[in-house]
Amino acid sequence: MRTSEWVKSVIRKDEIEKYLINGKCFIDERVIEGKLEANAAPDKSRVRAIIQKSLEIKTLEPDETAALLNVQDPELWEEMDAAALEVKKKVYDNRIVFFAPLYCSNLCVNNCSYCGFRVDNAKEVRRILTMDEVRRETEVVLDEGHKRMILVYGEHPRSDVDYMADTIRTVYSVERKAPITGRTVGIRRVNVNAAPMEIAKMRTLKNAGIGTYQVFQETYHRPTYESVHPANTVKGDYLWRLYSLHRAMEGGIDDVAIGALFGVYDWKFEVMSLLYHTLDLERQFGVGPHTISFPRLTPALEAEMSTDSRYKVSDDDFKKLVTVLRLSVPFPGMIVTCRENPQSKKEAIMRGCTQTDASTKIGIGAYQEHKYLQELENSQFTIGDSTSLDCNIQEMAKMGFISSFCTAGYRCGRTGDTIMGMLKHCVEGKYCKLNAVLTFREYLDDYASPETKQLGETLIRKEIAEIEAHSYFQKNQKLLSQFKVDYDRINMGERDIFI
Ligand code: SAM
Ligand code: SF4
């Protein structure tokens, strides 16, 4: 099929209309703007009552989120920041999950004005990885110590769903020997960030073993969306993108990930919209998103908007949006990426983020070619943090966070509404804590530098002592003894054991 014909075949109107309620989508600009206006000057006592509601691990109403977004008082922001971290600890404990992105292809039929992959960027050197190259990239990522990857693609017939399924299977098939112990290791969870597709294609990804399917709406503000995504492109269809994750759910992928590209439009509007998106997924499928992302625009080659946008988000506002998101939606994981510099990443983690990437390279083929930092000629944008996984884990340990490589939830069927139910009863966090310790043990033995190992041993002893003393595990002695047996098995050299 010719590319132009393929472009015309992507969108299925019937797979948009079925999710509209009374012909309307879940984003109503006037309603959102109205709520931001109506809650423009919330008084202290109301803000404190909302914070209290968040601390009870309840999803906020749009009016409540709007009120938090409009807080001016620095003292209240301090209280909100502290509460955001507390919410995270209640639901997710002190874990931080690491992953690595793998950019498979920069071929793209779209023309998003902020992205270096856009079709009009003639300076971009186009490349699509072969399966051999995917294998070699995965080997480098495995040698760093990663267990989770997210595969990323431009939108193009050559990287359509069959190519994606092949890349997923290829990544899972790679085995390596861990550098210190020589134990056999592999990637245990493959997530995907790709353009919206029809339900039948979602099923293909599901059958290939996809973990989470991630689509960012970029901006939920329709007029802005339409101005940055030309109408004659697939991506120009706002509603096709808005309902992509509804289709994923229907196609059997029950871990879906939402996000907005902050800096394209007003950050308060996007936070409100992410809440509405969460509520609509909950309403239509009984379960909200698995994660929320809030990438900020970074400079991209031949993409003027990436540097000139009048909505660029300052560091201060970035911290605020992370805090309000954490307080508004306690259950989804929150992802901060290497688009941010190490300091911003830390600030986000201190406000409730649960996942981040490390040792990231975003050029196509950049891992195996050992290209550090930035080679803009085949990258999508610039990154702010290129530090190694080991370095990140050390930093986290110093901050009291345990790095987790746990992928057990997905492999034990704790996904979708099962995992959300467990998170709501603060039970999943307990399993995750055990699995975090087990996978951290593996990392320390298989990959850690001497400094990280030293810090890690102290941290792991503290974690185990906490587990043993915790009332939940005191009451669940069977679980506790299983954990101890599994921990000893890993110490003896067994791998990939999870609860
Ligand atoms: N082509 C697919 C799509 O658009 O959905 C795959 C995703 S794209 C390769 C990954 C994400 O990178 C986009 O959804 C967008 O949010 C983000 N992105 C694009 N340009 C960016 C920039 N200049 N700075 C930061 N993030 C950017
Ligand atoms: Fe293509 Fe995605 Fe970049 Fe848009 S954001 S140009 S769709 S890769």
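What counts, and where the lines are drawn
- Residues numbered from 1 in each chain as written.
- Chains lettered and ligands numbered in written order.
- Predicted model: local features only at pLDDT ≥ 70, side-chain atom pairs only at ≥ 80, totals over all residues.
- Heavy atoms only, no water.
- Near = heavy atom within 4 Å.
- Polar contact = N/O pair within 3.5 Å; in protein donor to acceptor, adjacent residues only side chain to side chain.
- Areas by Shrake-Rupley, 256 points an atom, 1.4 Å probe, with all protein chains shown as cover.
- Core = buried A, V, L, I, M, F, W, Y, C linked by side-chain atoms within 4.5 Å.
- Buried < 20%, exposed > 50% of the residue type's maximum accessible area, 1.4 Å probe, protein only.
- Helix = DSSP H or I, 4+ residues; strand = E, 2+ residues; numbered from the N terminus.
- Contact = heavy atoms within 4.5 Å.
- Nonpolar A, V, L, I, M, F, W, Y, C, P; charged D, E, K, R; others polar.
- Axes fitted to C-alpha atoms, helices over the stretch in contact; angles between N-to-C directions.
- Parallel < 35°, antiparallel > 145°, perpendicular 65-115°, else oblique.
- Left-handed = near helix turned anticlockwise from the far one by under 90°.
- Pairing = 2+ DSSP bridges.
- Phe/Tyr/Trp six-rings, centres within 6.5 Å; stacked < 30°, edge-to-face > 60°.
- Lys NZ or Arg CZ within 6 Å of the ring centre and 35° of its normal.

It is worth spelling out the site of ligand 1 at this point. Around ligand 1, a shell composed of 21 residues is seen, among which Tyr114, Glu218, Lys235, Arg241 and Thr298 lie nearest. A distance of 2.8 Å is found between an oxygen atom of ligand 1 and a side-chain nitrogen or oxygen belonging to lysine 235. Arginine 339 is positioned such that a nitrogen or oxygen atom in its side chain is 2.9 Å from a nitrogen atom of ligand 1. When ligand 1 is considered free in solution it has 560 Å² of accessible area, and contact with the protein chains removes 97% of it.

Judged by nonpolar contacts, the single largest core of 153 residues is most densely connected at Tyr213, Tyr220, Phe294 and Leu321. It is helix H6 (residues 74-92) that provides the largest number of residues to this core, a total of 9 residues. The residues contacting phenylalanine 294, other than those within four sequence positions of it, are Ala260, Phe262, Phe318, Leu321, Val322, Leu325, Met334, Ile335, Val336 and Cys353.

Our focus in this paragraph is the site of ligand 2. Residues in close proximity to ligand 2 total 9 residues, the closest being Cys108, Asn110, Cys112, Cys115 and Lys235. Within the shell around ligand 2, the residues separate by chemical class into 4 nonpolar, 3 polar and 2 charged.

Now for the packing of helix H7 (residues 131-144) against helix H8 (residues 161-173). Contact pair H7 / H8: the axes reach a minimum separation of 9 Å and the direction vectors enclose 40 degrees. Here H7 lies oblique to H8, going by the angle between them. Once H7 is placed against H8, the crossing between them reads as right-handed. Between H7 and H8, the contacting residues are Met131, Val134, Arg135 and Thr138 on the first element and Tyr163, Asp166, Thr167, Thr170 and Val171 on the second. Residue composition of the contact of H7 with H8, by class: 4 nonpolar, 3 polar and 2 charged.

Before going further, it helps to spend a moment on the pairing of strand E1 (residues 95-105). For a regular strand, the rule is simple: side chains alternate between the two faces of the sheet. The element E1 is extensively covered by neighbouring structure, given that 11 of its 11 residues are classed as buried. The sheet contact formed by E1 and strand E11 (residues 402-404) spans 3 bridges and is parallel. Within E11, the position partnered with isoleucine 96 by the bridge is serine 403. One ladder, built from 3 bridges, connects E1 with strand E10 (residues 355-357); its direction is parallel.

Any aromatic ring pair is given by two values, namely how distant the centres are and how the planes are angled relative to each other. Following the criterion strictly, the structure yields 13 aromatic pairs and no others. For the pair phenylalanine 483 and tyrosine 487, a centre-to-centre distance of 6.1 Å together with 40 degrees between the ring planes defines the contact as tilted. Of the two residues, phenylalanine 483 and tyrosine 487 are both situated in helix H23 (residues 477-491); the distance of 4 residues between them amounts to about one turn of the helix. With respect to class, phenylalanine 483 is no different from tyrosine 487; both count as buried. Grouped by ring-pair contacts, the aromatic residues Tyr19, Phe26, Tyr243 and Phe285 constitute a single cluster. Over the face of the ring belonging to tryptophan 240 we find arginine 247, whose NZ or CZ atom lies 3.5 Å from the ring centre. When the ring centre of phenylalanine 318 is taken as origin, the NZ or CZ atom of arginine 296, which lies over that ring, is 4.3 Å away.

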